[in-house]
Amino acid sequence: MHLHHHPFCPHSRFIRLAFGEYGGEPALVEERVWERRPEFLRLDPAGATPVLVEDDGLVVPGAGLIAEYLDEIAGAALGDRRLLPADQPGRIEVRRLSSWFNDKFFAEVSEPLVREKVYKRFMPREAGGGPPDMVAIRAARANIRYHLHYIGWLLKARNWIAGDRLTYADLAAAAHISCVDYLGDVPWDEDETAKNWYARIKSRPSFRPLLAVTMAGMPPAASYADLDF
């Protein structure tokens with residue numbers, strides 16, 4: 001398998017975490033989506049990461065579809081470690097919360113921060129590059145606070161975000177937060193319960209490849225790779 005991704009695309013990180021929990025990682029192909037590389041657009045005209053390409057040429061575009069595909073081909077074999085529960089109510093709750101982070105958190109927090117602080121550094125001006133928009137950054141920094149409180153509220157009655165065990169919902173939340181944490185924009189003193197949950201998931205072996213990611217000219221925040229932050 002090949003995974004077309006970007007190291008700071010939170011949806012790509014979500015799928016990399018999923019592969020890590022399933023016990024493997026595909027070959028990685030870095031994509032700068034703003035370059036609109038023709039070979040990449042032939043795989044998926046939407047031109048967004050991640051895109052998974054199987055050995056037989058099967059193309060699975062988008063984090064949501066890839067997560068469902070991985071569950072279909074490997075989920076049942078994981079037993080109680082399955083990332084999408086077998087029961088219908090459990091699957092609905094995992095999908096609901098995965099969507100919360102992959103859609104809502106992305107729109108309100110991780111996408112503007114990654115776009116303004118990372119992507120714009122490499123994008124030509126005609127593609128939207130240039131200095132960061134501080135209004136967008138301040139709004140995202142304000143928005144993350146209520147998301148952390150929501151995580152903390154969920155965890156007051158659960159071991160993990162969607163229930164008693166680790167699921168795609170935890171991986172989606174952690175993937176998006178990891179991008180923001182690299183940039184130093186997570187106010188970890190905002191919610192102790194959310195912080196403790198992130199420390200647990202950050203300590204898992206599946207997280208190690210993400211913690212090794214660095215960007216030239218922009219080192220990670222001190223909390224990023226610190227398991228005891």
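Here the structure is a predicted model, which is why all the values come from computation and not from measurement. (Residues numbered from 1 in each chain as written. Predicted model: local features only at pLDDT ≥ 70, side-chain atom pairs only at ≥ 80, totals over all residues. Heavy atoms only, no water.)

### A closer look at the packing of aromatic side chains
Right, on to step 1. Throughout the structure, instances matching the rule amount to 12 aromatic pairs.
Right, on to step 2. Look at Trp 100 and Tyr 150: their rings are 4.5 Å apart centre to centre, the planes differ by 35°, and that puts the pair in the tilted class. Taken together, the residues span a long stretch of sequence, with Trp 100 in helix H4 (residues 88-122) and Tyr 150 in helix H5 (residues 134-155) at a distance of 50 residues.
Right, on to step 3. Look at Tyr 150 and you get buried, because its relative accessible area is 16%.
Right, on to step 4. Where Trp 197 meets Tyr 198, the ring centres are 6.1 Å apart and the plane angle is 50°; that geometry is what we call tilted. A single burial state applies to Trp 197 and to Tyr 198, both of which are buried.
Right, on to step 5. In textbook terms, an aromatic cluster arises when at least three aromatic residues are bridged by ring pairs, as seen for Trp 188, Trp 197, Tyr 198, Phe 207 and Phe 229.
Right, on to step 6. In this structure, Lys 104 packs its charged tip against the face of Trp 100, placed 5.5 Å from the ring centre.
Right, on to step 7. Residue placement shows Arg 200 over the ring face of Trp 160; its charged tip is 4.1 Å from the ring centre. (Phe/Tyr/Trp six-rings, centres within 6.5 Å; stacked < 30°, edge-to-face > 60°. Helix = DSSP H or I, 4+ residues; strand = E, 2+ residues; numbered from the N terminus. Buried < 20%, exposed > 50% of the residue type's maximum accessible area, 1.4 Å probe, protein only. Lys NZ or Arg CZ within 6 Å of the ring centre and 35° of its normal.)

### Some points on the environment of Leu 171
Right, on to step 1. Position of Leu 171 relative to the elements: it lies in helix H6 (residues 168-182).
Right, on to step 2. Judged by relative accessible area, Leu 171 falls into the buried class, the value being 0%.
Right, on to step 3. A C-alpha to C-alpha distance of 29 Å links Leu 171 and Glu 39, two positions 132 residues apart in sequence.
Right, on to step 4. The contact partners of Leu 171, leaving out residues within four places of it in the chain, are Phe 14, Leu 17, Ala 18, Glu 21, Leu 83, Leu 166 and Ile 201. (Contact = heavy atoms within 4.5 Å.)

### Digging into the pattern of salt bridges
Right, on to step 1. All told, the structure shown has 16 salt bridges when counted by the stated rule.
Right, on to step 2. A salt bridge links Arg 37 to Glu 31; the shortest N-O distance between them is 2.3 Å.
Right, on to step 3. Measuring nitrogen to oxygen at the nearest pair gives 2.9 Å for the salt bridge that ties Lys 117 to Asp 185. Here the residue Lys 117 occupies a position in helix H4, and Asp 185 occupies one in the loop between H6 and helix H7 (192-202), the gap between them amounting to 68 residues. For the residue pair Lys 117 and Asp 185, the accessibility class agrees, reading buried in each case.
Right, on to step 4. Each of Glu 111, Arg 115, Glu 116 and Lys 120 takes part in a single network of salt bridges with overlapping partners. (Salt bridge = Lys/Arg side-chain N within 4 Å of Asp/Glu carboxyl O.)

### Notes on the layout of surface pockets
Right, on to step 1. In this model, the largest pocket occupies a volume close to 290 Å³.
Right, on to step 2. Lining the largest pocket are 15 residues; nearest its centre among them are Val 33, Thr 49, Phe 106, Glu 111 and Tyr 119.
Right, on to step 3. Residue composition of the lining of the largest pocket, grouped by class: nine nonpolar, four polar and two charged. (1 Å grid on protein atoms, 1.4 Å probe; cavity = no way out; pocket = protein on both sides within 12 Å on 5 of 7 lines; lining within 4 Å. Points joined across faces, edges and corners; volume = space filled by probe spheres on them. Nonpolar A, V, L, I, M, F, W, Y, C, P; charged D, E, K, R; others polar.)

### Here's the deal with the nonpolar core
Right, on to step 1. Among the nonpolar cores identified, the biggest contains 69 residues, and Tyr 168 and Trp 197 are the most heavily contacted of them.
Right, on to step 2. Within the residue set of this core, elements represented by two or more residues are helix H1 (10-22), helix H3 (63-75), H4, H5, H6, H7 and helix H8 (208-211).
Right, on to step 3. Considering every element that reaches this core, the biggest residue donor is H6, with 11 residues.
Right, on to step 4. Residue contacts for Trp 197: discarding those within four places in its chain leaves Ile 151, Leu 155, Trp 160, Ile 161, Asp 170, Ala 173, Ala 174 and Ile 177. (Core = buried A, V, L, I, M, F, W, Y, C linked by side-chain atoms within 4.5 Å.)

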